[in-house]
Each structure stands twice: as C-alpha cells, then as structure tokens.
Amino acid sequence: MLQPTFRQRTYQWDNCSLSLGSRTLVMGILNVTPDSFSDGGRYNRVDRAIAHVREMVAQGADIIDIGGESTRPGFEPVGAEEELSRVIPVIEALHAEMPQIPISVDTYKAEVGRRALEAGAHILNDIWGCKKDEQMARAAAQYQCPIILMHNRPARQYDDFVQDVKRDLLESIAIATAAGVKEENIWLDPGIGFAKNLEDNLTLMHHLDELGELGYPVLLAASRKRFIRDTLELPVDELVEGTAATTALGIAQGCQIVRVHDIEANVRTARMCDAMLYPR
C-alpha cells in the first residue's frame, strides 16, 4: 500500500499561516489572463477575480495561486510590466479583503515576484525552477518566503526520464540554496504537462513518491491537464473526475499540496484520502 510522506512544517505570516503534514492543502487556481487553456478571460477583472476567490475559499481552498501569464502550449510570453498590471491589483484587493488567505504568485520573473510579495503575496511559484531567472532564488531568500520549484525543460529530451526529472529538480534546489533560500522554504512540483508527453505524464504520476524521497514537500498540479483529456477523450470542462483521480493518487504517494481548478470536488477527495492515510 502506498503511504504518504509526512513533513511537518508551519509557515507564519502577519495575518495567516499554513501547516504542512497534518492534512492535504488545496491550492486554488486564479488565472487573471486572457488566454489560459482552461479559463482564459473569465477572471481578468478585479471584481470577477475576487468573486471567484470568495467562492474557492468557501469551498475549502487553503491557498490562492494567482497567475498573470498563460503557460499553455504555444502561449505568447508577456513582459513584466504587462504581467504586473494583471496580478498586482488582484493581489492587493485579495490581501485587503481576505488577509487570512495565503497567496501564491505564479511567475518565473523575479521582478514580478518581488513586486507581488510587496503587494501581499506570500509564496513564489516558479514554473522554471529558478533556471529562467536566477534572481527568483535571491528574491525568495531576501523575503524568506516559500518557493515552489517546478520541473521544466526547454525541450522534451531525456535519457532516463524519472531520474532526469529528479536530477533537474536537484539542480533547481542547488540554485535556490546557493542563493540563500532555507531548506524549509523549498517545495517541489513535478511539472506535469511541461516538456512531457502523455506517456511521460502517466509515468511520472506513478513515481511521485520518488520525488518525495528528495526530502521536500511536493505540490501536484495536474488539474485539467492535457494528459487527462487525452486519456479520457473528454473536453477540458469535463475533467473533474479525472483530476480528482490524480489528486487521490498524488496524496497516496505523499504529495502535500494539490493545485486545482475545481475546489469542492478535490477538497472532498483530499479529505477522504486524508482520513484513510493520515494518522488520527
């Protein structure tokens, strides 16, 4: 039987806190972009964004992850100023209305990360694991905040897939610690859907426990990803059950945070998994 890996950690800020190791945390996705693969354009106004956050928090979201640049296949990169114009007003409004909710900013640009932290964000979420902009590691060290290091590559080229993923993540960890990031502030993300095909993603889902063995909390971000669509042959708006299946398998293999679009279904899935797997 698969068993979760417990890493007890508590993060405390002025008005909010997070505890890892007693239950699965659910991170709600808030895309304030016009072109995200799942919900582009739905929440790119502050009022709509905050209304959606209220709904996610009411359904049980523990963290809100705000992204201002789409990372879907074939996305058009945007400059730092454009990204800032999208995320900062939402971060400021959310921090003012719900200061008890930890905020993560989904960016690989250090300038955006720093400004977001100053506006009220608490966590950096870097899809390039500090390899696109190494100043991200210095920002995390300066603000002493958690940083999520995601696995990614410019192209899908592997010799030994799972081992290569682990080696790449260890490189990101080395960049972060060399910049002064504390070990307890590092979280890992396997990077489902990034530089990986269907077979790669399914394989990685089967080996998530090996990432946990690296000694850091693991965040699983598989929600509505293409490998679920391709496996089930369903459109993006019919992937609740498929995503919930990834959540259950991830929790059973030690993932402590799941990043999802459909909060209620995944909170229920996580609670049931926690009841079966976590000590009482």
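The preceding data block contains the structure.
Conventions adopted
Residues numbered from 1 in each chain as written. Predicted model: local features only at pLDDT ≥ 70, side-chain atom pairs only at ≥ 80, totals over all residues. Heavy atoms only, no water. Pairing = 2+ DSSP bridges. Helix = DSSP H or I, 4+ residues; strand = E, 2+ residues; numbered from the N terminus. Contact = heavy atoms within 4.5 Å. Axes fitted to C-alpha atoms, helices over the stretch in contact; angles between N-to-C directions. Expected span 1.5 Å × (residues − 1). Bend = angle between axes of the 7 residues up to and from the residue. 1 Å grid on protein atoms, 1.4 Å probe; cavity = no way out; pocket = protein on both sides within 12 Å on 5 of 7 lines; lining within 4 Å. Points joined across faces, edges and corners; volume = space filled by probe spheres on them. Nonpolar A, V, L, I, M, F, W, Y, C, P; charged D, E, K, R; others polar. Salt bridge = Lys/Arg side-chain N within 4 Å of Asp/Glu carboxyl O. Buried < 20%, exposed > 50% of the residue type's maximum accessible area, 1.4 Å probe, protein only. Parallel < 35°, antiparallel > 145°, perpendicular 65-115°, else oblique. Left-handed = near helix turned anticlockwise from the far one by under 90°. Polar contact = N/O pair within 3.5 Å; in protein donor to acceptor, adjacent residues only side chain to side chain.

Colleague: Just checking my understanding: could you explain the sheet that holds strand β4 (residues 63-67) for this structure?
Modeller: Sheets are built from strands that pair by backbone hydrogen bonding, the pairs being arranged parallel or antiparallel. One open sheet accounts for 8 strands, arranged β8-β7-β6-β5-β4-β3-β10-β9; its pairing is parallel. Of all the strands in the sheet, just β8 (186-189) and β9 (219-220) have a single pairing partner and so form its edges. Sheet analysis places β4 next to strand β5 (residues 103-106), joined by 4 bridges and oriented parallel. Paired with D65 across the strands is S104, a residue of β5. Against the sheet, helix α4 (residues 135-143) engages β6 (123-126) and β7 (147-150), with an angle of about 165 degrees to β6.

Colleague: Explain helix α2 (residues 80-97) here, please?
Modeller: Working note: α-helix, 3.6 residues per turn, so residues spaced by three or four point in the same direction. With 18 residues, α2 extends 25 Å between its outermost C-alpha atoms, agreeing within 8% with the 26 Å of an ideal straight helix rising 1.5 Å per residue. Of all bends in α2, the biggest is about 25 degrees, found at V87, and the proline P89 comes one to four residues later. On its buried face, α2 is in contact with β3 (25-31), α1 (46-58), β4, β5 and α3 (110-119).

Colleague: Hey, could you run me through the layout of surface pockets in this one?
Modeller: Over the atoms rolls a probe the size of a water molecule, and in doing so it shows where empty space is left. Counted as a void, the second largest pocket has a volume near 190 Å³. If you go around the second largest pocket, the residues you meet are W13, D14, N15, C16, H95, P99, L117, G120, A121, H122, Y143 and C145. Broken down by class, the residue content of the lining of the second largest pocket amounts to 7 nonpolar, 4 polar and 1 charged.

Colleague: Quick question: what am I supposed to make of empty space enclosed by the protein here?
Modeller: One pass over the structure, following the stated rule, counts 1 cavity of 30 Å³ or more. Of the pockets and cavities examined, the largest cavity occupies roughly 30 Å³. Every residue lining the largest cavity is listed: E69, T71, D106, T107, Y108 and I127. When its residues are assigned to classes, the lining of the largest cavity shows 2 nonpolar, 2 polar and 2 charged.

Colleague: Help me understand the pattern of salt bridges in this model?
Modeller: Pairing between side chains becomes possible if they bear opposite charge and their charged atoms approach one another. Under the criterion given, the structure shown has 15 salt bridges. With its nearest N and O atoms 2.5 Å apart, the salt bridge here joins K109 to E69. Separated by 40 residues along the polypeptide, K109 in the loop between β5 and α3 and E69 in the loop between β4 and α2 bring together distant segments of the chain. A residue is classified by how much of its surface remains accessible, and E69, at 7% relative accessible area, is buried. K109 is the salt-bridge partner of E83, the closest N and O atoms lying 2.7 Å from each other. One end of the pair, E83, is in helix α2; the other, K109, is in the loop between β5 and α3, with 26 residues separating them in the sequence. Residue classification places E83 among the buried residues on the basis of a relative accessible area of 1%. Each member of the salt-bridge network shares a partner with another, and the members are D65, D106 and R259.

Colleague: Can you walk me through the packing of helix α5 (residues 161-178) against helix α6 (residues 198-206) in this structure?
Modeller: When two helices pack together, their arrangement is given by the angle between the helix axes and the distance between those axes. Packing of α5 against α6 leaves a shortest axis separation of 10 Å and a crossing angle of 75 degrees. Here α5 is positioned roughly perpendicular relative to α6, judged by the angle of their axes. Listed contacts from α6 to F161, V162 and V165 of α5 are D200, T203 and L204. Taken together, the residues of the contact of α5 with α6 sort by class into 4 nonpolar, 1 polar and 1 charged.

Colleague: Would you explain the packing of α3 against α4 in this entry?
Modeller: At a minimum axis separation of 8 Å, α3 and α4 run at an interaxial angle of 20 degrees. Between α3 and α4, the angle is such that the two are roughly parallel. Pair α3 / α4 crosses with right-handed handedness. Each of A110, R114, L117 and E118 in α3 lies in contact with α4, whose residues at this interface are Q135, M136, R138, A139, Q142 and Y143.

Colleague: Explain the side chain of D106 to me, please; I cannot follow it from the model alone.
Modeller: Mapped onto the fold, D106 is located in strand β5. Taking the relative accessible area as the measure of exposure, D106 reaches 11% and is therefore buried. At 3.3 Å, the side chain of D106 and the side chain of R259 are in polar contact. If we skip the residues at most four places from it in the chain, D106 touches D65, I66, G67, G68, E83, N125, I127 and R259.

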